[in-house]
Amino acid sequence: MSFRDPLLNFHNQVGSFAHTIGEGVASSLGLARKLFHTQFHRQTMAINYYPPCPQPELTFGLSSHSDFGSITILMQDVVGLQVKKGDQWINVKPIPNAFVILIGDQLEVHAKPWHAKEHT
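A few points on the structure.

Parameters and conventions
- For every chain, the first residue of its written sequence is number 1, and the numbers climb from 1 along that sequence.
- Where totals are concerned, whole chains, interfaces and linings use all residues; where local detail is concerned, this predicted model gives features only for residues with pLDDT of at least 70, and gives and counts side-chain atom pairs only at 80 or more.
- Each side-chain value is derived from all of the structure's non-hydrogen atoms; neither hydrogens nor water enter the calculation.
- Think of it this way: any DSSP run of H or I at least four residues long counts as a helix, any run of E at least two long counts as a strand, and we number them from the N terminus.
- The classification of residues rests on relative accessible area computed with a 1.4 Å probe and restricted to protein chains. Under 20% of the type maximum is buried, over 50% is exposed, and intermediate values are partly exposed.
- Here, Shrake-Rupley sampling with a 1.4 Å probe gives the accessible areas, and only protein chains in the shown set may cover a residue.
- For this analysis, a salt bridge means a side-chain nitrogen from Lys or Arg found within 4 Å of a carboxyl oxygen belonging to Asp or Glu.
- Distance thresholds for patches are 9 Å for like charges and 5 Å for nonpolar side chains (Val, Leu, Ile, Met, Phe, Trp, Tyr), applied to residues having over 30% relative accessible area and no salt bridge.
- We define a polar contact as two N or O atoms separated by no more than 3.5 Å, with the added condition that, inside protein, one atom must be a possible hydrogen donor and the other a possible acceptor, whereas residues neighbouring each other in sequence contribute only through side-chain atom pairs.
- By the convention used here, residues are in contact when the closest approach between their heavy atoms is within 4.5 Å.

### Quick notes on the overall build of the protein chain
- Looking only at helices and strands, the protein chain has three helices and four strands in total.
- Along the protein chain, helices (α) and strands (β) appear in the sequence α-α-β-β-β-β-α when read from the amino end.
- For the protein chain, the proportion of its 120 residues judged to be buried stands at 17%.
- On the protein chain, roughly 9700 Å² of surface is accessible, and the fraction owed to carbon and sulfur atoms is 57%.

Laid out in structure tokens, this is it:
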């Protein structure tokens, strides 16, 4: 059995989902619903599997970072993701059959000037 067809289908479905999220973000900012369709074209998909570590106190994990893209759609099934709010790191509890949506640097930077200019 080929992994290609299910993977491409998943890629297309998640891309469609990202467009829907972008439309919601644009609408919430008072912008044209499909504005981000024309602004962000790149779609990257990474598949990583991080099995639970038997000795997590011996690991470093990733260094703190922000996502450089516009929207990250994360299917999180293990504990470990943290988000920074103010000066504190908060654990993100995995929810079965759910996605974690992260707003990346590109969307944050671009949305501010557009909102200030009130583009529609």
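### Side note on the pattern of salt bridges
- On inspection of all chains with the given rule, the structure shows two salt bridges.
- Across the salt bridge formed by Glu 23 and Arg 33, the nearest N and O atoms sit 3.4 Å from each other. Residue Glu 23 is located in helix H1 (residues 4–28), and its partner Arg 33 is located in the loop between H1 and helix H2 (35–39); the two are separated by 10 residues in the primary sequence.
- Of the residues examined, Glu 23 reaches a relative accessible area of 13% and is grouped as buried.
- By relative accessible area, which is 46% here, Arg 33 ends up partly exposed.
- The partner of Lys 34 in a salt bridge is Glu 23, and the shortest N-O contact between them spans 3.7 Å.

### A closer look at a nonpolar patch on the surface
- On the surface, Phe 10, Phe 17, Met 75, Phe 99, Ile 101 and Ile 103 cluster together into a nonpolar patch covering about 520 Å² of accessible area.
- Tracing the sequence through the fold places Ile 103 in strand S4 (residues 100–103).

### Side note on the side chain of Gln 76
- You can see Gln 76 is positioned in the loop between strand S1 (71–74) and strand S2 (82–85).
- Using a relative accessible area of 8% as the deciding quantity, one classes Gln 76 as buried.
- Here the side chain of Gln 76 touches Val 92 through a polar contact of 2.9 Å, landing on its backbone oxygen.
- In this structure Gln 76 touches Leu 81, Val 92, Lys 93, Pro 94, Ile 95, Ala 98 and Val 100, once residues within four positions along its chain are discounted.

Any functional reading would require information that these geometric values do not contain.
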